[in-house]
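As a plain string of letters, each chain reads:
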Amino acid sequence: MTTMRELRQAAGLSQEKLAEMAGTSQPQINKLETGQRKLTVDWAVKLAGPLGVEPAVLLGLDGPAATTAQTASMRPARPSLPPLLRTAPLPQAAASMPVRAAARGGVDQEMFLEDGPIDWIARPDYLKNARDPYAMYVVGDSMMPRFRPAQLLHVNPHKPPAAGSGVVVVKCNKAVLVKEFVRRGPDIVILREYRPADREFPVPLEEIDTLHTVVGLQEP
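The residue count restarts for each chain, going from 1 along the sequence in the order it is written. With pLDDT at 70 or above as the cut-off, local features in this predicted model cover only qualifying residues; side-chain atom pairs require 80 or more to be listed or tallied, and sums for whole chains, interfaces and linings still use all residues. Note that the side-chain values use all heavy atoms of the structure and ignore hydrogens as well as water.

Peer 1: How would you sum up the packing of aromatic side chains? Please name residues and give values.
Peer 2: Paired rings are identified among Phe, Tyr and Trp, the last through its six-membered ring, by centres lying within 6.5 Å, and are further divided according to the angle between planes into stacked (under 30 degrees), edge-to-face (over 60) and tilted (the rest). Within the structure shown, the criterion is met by zero aromatic pairs. The ring of Trp 43 is capped by Lys 46, whose NZ or CZ atom sits 4.4 Å from the centre of that ring. To sit over a ring, a charge needs its Lys NZ or Arg CZ within 6 Å of the ring centre and within 35 degrees of the ring normal. Against the face of Tyr 134 rests Arg 100, its NZ or CZ located 4.5 Å from the ring centre.

Laid out in C-alpha cells, this is it:
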C-alpha cells in the first residue's frame, strides 16, 4: 500500500522541505506520516502541490493499495475515495479555493477549526497565481471593528506576515485564532486583539501549527 512517506520520498523531499513548501512544520508532517494526525481533505489540498499529486491521491491512501504502475506515476486513474467525495469531486484549484470554518467548543469557548472545506469559491484576481489560498469565515467579535462576524477572509498561506497584518493562527490542538500580527520572537509570536480589551499577548511557537496572512476580505 502506498503511504504518504513513500510519496514524499518519491518526490525527493525531506520532511523539513515538505513542511516548508506546505506552510507547516516538520513535526506535523511526521504526525501525518505516522498516523498520529488524520489526513483530512484540508491537509490533502495543502500537501498535494508540493508532492506533485492530486488531493484525491492523498485521500485514497487509506483505501485499497495502489498498483505498482500507479505508485510510479503517483496519479491513479480512480483513487479510493469516501462516497461524498465521489459524488462531489474537488473543483479545479486554478479557478477556485476552499472555504474553511471554525466552531466554538469547550468551556472556555475557544474556536476550533473544522476538518476540511465547507464550501468552494472563485479565487479573486489577486490570488489567481497564489499557491493554496483559502477563505475563512470570521466567528466572534474579538477583532471588531477590523474584522466582523460573517465576513469571509481571503488568506495567502505563503505570504509572510508583516506588523499589523491580519493572521489566521491554527494551533496544534486545532484551536484557531484570527488576530493581528505584532512581531515574532525566538520562541513566541506576539498577537493583538481588540475586544474585550485592546491587548497584545504571546503564543509559544511550539503551540502553533500554521500561521497564515489575511490579504483581503468579502462582506457577507
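This is not the end of the story, as more comes after the structure.
Peer 1: Account for helix H3 (residues 26-34), naming residues and giving values.
Peer 2: Among all positions in H3, only Gln 28, Ile 29, Leu 32 and Glu 33 are buried. Mapping the buried residues of H3 onto a view down its axis gives an arc of 135°, with all of them on the same face. For H3, the elements touching its buried residues are helix H1 (4-10), helix H2 (15-22), helix H4 (41-51) and strand S11 (208-218). Every helix listed is a DSSP run of H or I at least four residues long, and every strand listed is a run of E at least two residues long, numbered separately from the N terminus. Within two residues after H3, Gly 35 carries a phi angle of roughly 85°, on the positive side. For the exposure calls, accessible area comes from a 1.4 Å probe over protein chains only, and a residue counts as buried if that area is under 20% of its type's maximum, exposed if over 50%, partly exposed in between. Think of it as the arc spanned by the lines of direction from the helix axis to the C-beta atoms. Here, two residues are considered to be in contact whenever any of their heavy atoms come within 4.5 Å of each other.

Peer 1: Account for H2, with residues named and values stated.
Peer 2: All of the buried residues along H2 are Gln 15, Leu 18, Ala 19 and Ala 22. The arc that holds the buried residues of H2, viewed along the axis, is 100°, so those residues lie on one side. Gly 23 sits one or two positions beyond H2 and adopts a positive phi of about 75°.

Peer 1: Let's hear about the sheet that holds strand S8 (residues 176-184): which residues, and what values?
Peer 2: The sheet built from nine strands is open, its strands ordered S4-S1-S5-S6-S11-S7-S8-S9-S10 with mixed pairing. Two strands bound the open sheet, and with one partner strand each, they are strand S4 (119-122) and strand S10 (199-204). This sheet shows a mean twist of 45° between the axes of neighbouring strands, independent of strand direction. Strands pair, by our definition, only if DSSP identifies at least two bridges between them. Angles run from 0 to 180 degrees between N-to-C directions of axes, and those axes are lines fitted to C-alpha atoms, restricted for helices to the stretch in contact.

Peer 1: Describe the pairing of S11, with residues and values.
Peer 2: Judged by how many residues are buried, S11 sits mostly within the fold: eight of eleven residues are covered. Sheet topology note: the strand S6 (residues 152-156)/S11 ladder contains five bridges and is antiparallel. Among the inter-strand pairings, Asn 156 is bridged to a residue of S11, identified as Thr 213.

Peer 1: Can you lay out the pairing of strand S7 (residues 166-171) for me, pointing to particular residues and giving the numbers?
Peer 2: Here S7 lies mainly inside the structure; six of its six residues are buried. Here S7 folds back onto S8, and the loop between the two strands holds four residues, one of which, Lys 174, carries a positive phi near 75°. Where S7 meets S11, five bridges bridge the pair, whose relative direction is antiparallel. Among the inter-strand pairings, Val 168 is bridged to a residue of S11, identified as His 212.

Peer 1: Explain empty space enclosed by the protein to me, and be specific about the residues and the numbers.
Peer 2: Grid points spaced at 1 Å and placed over the protein atoms alone form the basis of the search, with a cavity being a set where a 1.4 Å probe fits but cannot get out and a pocket an open set showing protein on both sides within 12 Å along at least five of seven lines. Lining residues have an atom within 4 Å of a point. Grid points are joined across faces, edges and corners, and a volume is the space filled by probe spheres set on the points. A full pass over the atoms with the stated rule returns one cavity of 30 Å³ or more. The computed volume of the largest cavity comes to approximately 90 Å³. Of all elements in the fold, only H4 and strand S1 (96-100) reach the threshold of two or more residues within the lining of the largest cavity. A per-element tally of the lining of the largest cavity places H4 first, with three residues. The class makeup of the residues in the lining of the largest cavity is six nonpolar, one polar and four charged. Note that Gly is not counted as nonpolar here; it falls among the polar residues with everything else outside the nonpolar set of Ala, Val, Leu, Ile, Met, Phe, Trp, Tyr, Cys and Pro and the charged set of Asp, Glu, Lys and Arg.

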